[in-house]
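The primary structure of each chain is shown beneath.
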Amino acid sequence: MKILAFETSCDETSVAVVEDGKKILSNIISTQIDIHKEFGGVVPEIASRHHIENILPVFTEALEKANCELSDIDYIAVTNTPGLIGSLLVGLMFAKSLSYANNIPLLPVNHINGHIFSSFIDNDVKLPAISLVVSGGHTNLYYIYEENGKIITDLLGETLDDAVGETYDKIARILGLDYPGGPHIDKLSINGEDILKIKKPKVDGYNFSFSGIKTFITNYVNNQKMKGNAISKEDIAKSLQEIIVNVLYDKILMAVKEKDVKTILVAGGVSANKRLREKFSEFTNIKTDKNEQIAVHFPKMEYCTDNAAMIGVAAYYDLKNNSQVELGKQYDVDAISTK
């Protein structure tokens, strides 16, 4: 089975061809980071215009690299939610047109599900599992299990305010660092010390809150500048890293203790963070009730940020859950900015 997949939810234009949910025949990504860097973040209208310019050449390259024709494609998958509405519409309209003109079934895919299943590409995932999706726009925690041959994804908790990636970007802006902020914070923190010792936010259950952390660091930087004191970007980066990574770790640990878990999955753009990967390796020292080691899986770096390969893989598992795809009815699918 070959799935042609499109991802345009934010500022990456990506098209991929995925075979049988595992083999990535092509995964072409055109990023707009350099375009939006001068604005300190993604400008929706600019992102949409560049998607329009990029989608045809990216689509053409994806088919060429996969050595495929449209006649070889069994399904077309496309992200329709969540994301920037203008960006989503570009990918969705292009995919709908291809589907209609070539009589190929269309599969709408939730962007977050794409991140969840990105860990399935190169790993043999044993269920039940806990999945943490951490990106610029999302910080969600899921419990994934199999029931009657179907993979069920239950949302346990989510951020009540800022996402982790959003927090990194905002603090980076305060420190005068380029967008996106996460990689710069990650690199600076290596030579820093956790001098701020930020207290963990008190949030019940599996939900998260990061706005207080952002406010604490913002006030600290402003106060030091008003006093004429020098600030260490390395120390601030280290303090930010430690509080965020430990908050995420503690929530996962709580889920591991309360749920039947064989595997921990971490996905999304922030899953590329070195300190996060280092801290989460500690979960491999925890044993299940059956004295089995818990596996921890991260996607390859190329599948951490937004990409179409993960959308194709998610579509494959959607098909396994529900093999009935009605031609015609699928064209009622809309782009939805929020999940």
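The rules we used
Residues numbered from 1 in each chain as written. Predicted model: local features only at pLDDT ≥ 70, side-chain atom pairs only at ≥ 80, totals over all residues. Heavy atoms only, no water. Patch = residues over 30% accessible without salt bridge, like charges linked within 9 Å, V, L, I, M, F, W, Y side chains within 5 Å. Areas by Shrake-Rupley, 256 points an atom, 1.4 Å probe, with all protein chains shown as cover. Salt bridge = Lys/Arg side-chain N within 4 Å of Asp/Glu carboxyl O. Helix = DSSP H or I, 4+ residues; strand = E, 2+ residues; numbered from the N terminus. Buried < 20%, exposed > 50% of the residue type's maximum accessible area, 1.4 Å probe, protein only. Pairing = 2+ DSSP bridges. Axes fitted to C-alpha atoms, helices over the stretch in contact; angles between N-to-C directions. Contact = heavy atoms within 4.5 Å. Parallel < 35°, antiparallel > 145°, perpendicular 65-115°, else oblique. Nonpolar A, V, L, I, M, F, W, Y, C, P; charged D, E, K, R; others polar. 1 Å grid on protein atoms, 1.4 Å probe; cavity = no way out; pocket = protein on both sides within 12 Å on 5 of 7 lines; lining within 4 Å. Points joined across faces, edges and corners; volume = space filled by probe spheres on them. Phe/Tyr/Trp six-rings, centres within 6.5 Å; stacked < 30°, edge-to-face > 60°. Lys NZ or Arg CZ within 6 Å of the ring centre and 35° of its normal.

Caption draft 1: Molecular detail of a nonpolar patch on the surface. A surface patch of nonpolar side chains, about 240 Å² in accessible area, is lined by Ile 85, Leu 89 and Met 93. The topology assignment puts Leu 89 in helix α3 (residues 85-102).

Caption draft 2: Spatial organisation of the pattern of salt bridges. The full count for this structure, using the stated rule, is 12 salt bridges. Lys 37 serves as the salt-bridge partner of Asp 34, at 3.4 Å between the closest nitrogen and oxygen. Of the two residues, Asp 34 and Lys 37 are both situated in helix α1 (residues 33-37); the distance of 3 residues between them amounts to about one turn of the helix. Residue classification places Asp 34 among the exposed residues on the basis of a relative accessible area of 64%.

Caption draft 3: A look at the sheet that holds strand β3 (residues 23-31). In spatial order, the strands read β3-β2-β1-β4-β5; together these 5 strands make up an open sheet with mixed pairing. Two strands bound the open sheet, and with one partner strand each, they are β3 and β5 (106-110). Neighbouring strand axes in the sheet, compared pairwise and without regard to direction, differ in orientation by 20 degrees on average. In this fold helix α2 (residues 44-66) packs onto β1 (2-7), β2 (12-19) and β3, with an angle of close to 25 degrees to the strand it touches most, β2. Sheet strands in contact with helix α10 (residues 308-321) are β1, β2, β3, β4 (75-81) and β5, and its direction is about 125 degrees off that of β1.

Caption draft 4: Seen up close, the packing of helix α6 (residues 181-189) against helix α8 (residues 233-258). Two elements in contact, α6 and α8, have axes separated by 7 Å at closest approach and are oriented at 105 degrees. Judged by the inter-axis angle, α6 sits roughly perpendicular to α8. Residues Ile 185, Asp 186, Leu 188 and Ser 189 of α6 form the contact with α8, whose own contacting residues are Lys 233, Glu 234, Ala 237, Lys 238, Leu 240 and Gln 241. Grouping the amino acids of the contact of α6 with α8 by side-chain chemistry returns 4 nonpolar, 2 polar and 4 charged.

Caption draft 5: Inspection of the layout of surface pockets at higher detail. When its volume is computed, the largest pocket comes out at roughly 1100 Å³. In terms of lining residues, the largest pocket is bounded by 40 residues, among which Ser 135, Gly 136, Gly 137, Asp 169 and Tyr 179 are the most central. At the level of secondary structure, the elements contributing two or more residues to the lining of the largest pocket comprise β3, α5 (164-174) and α6. Looking at which element gives the most residues to the lining of the largest pocket, the answer is α5, with 6 residues. Residues belonging to the lining of the largest pocket are distributed by class as follows: 13 nonpolar, 18 polar and 9 charged.

Caption draft 6: Spatial organisation of the packing of aromatic side chains. This model, assessed by the stated rule, comprises 12 aromatic pairs. For the ring pair Phe 120 and Tyr 317, a centre distance of 5.2 Å and an interplane angle of 65 degrees mean the geometry is edge-to-face. Residue Phe 120 is located in the loop between α4 (111-118) and β6 (129-134), and its partner Tyr 317 is located in helix α10; the two are separated by 197 residues in the primary sequence. Note on accessibility: Phe 120 and Tyr 317 belong to one class, buried. The rings of Phe 117, Phe 120, Tyr 316 and Tyr 317 are connected pair by pair, giving a single aromatic cluster. Just above the ring of Tyr 143 sits the side chain of Lys 259; from NZ or CZ to the centre is 5.2 Å. Looking at Lys 279, its charged tip hangs above the ring of Tyr 249, at a distance of 4.6 Å from the centre.

All we've got here are geometric facts, nothing functional implied.
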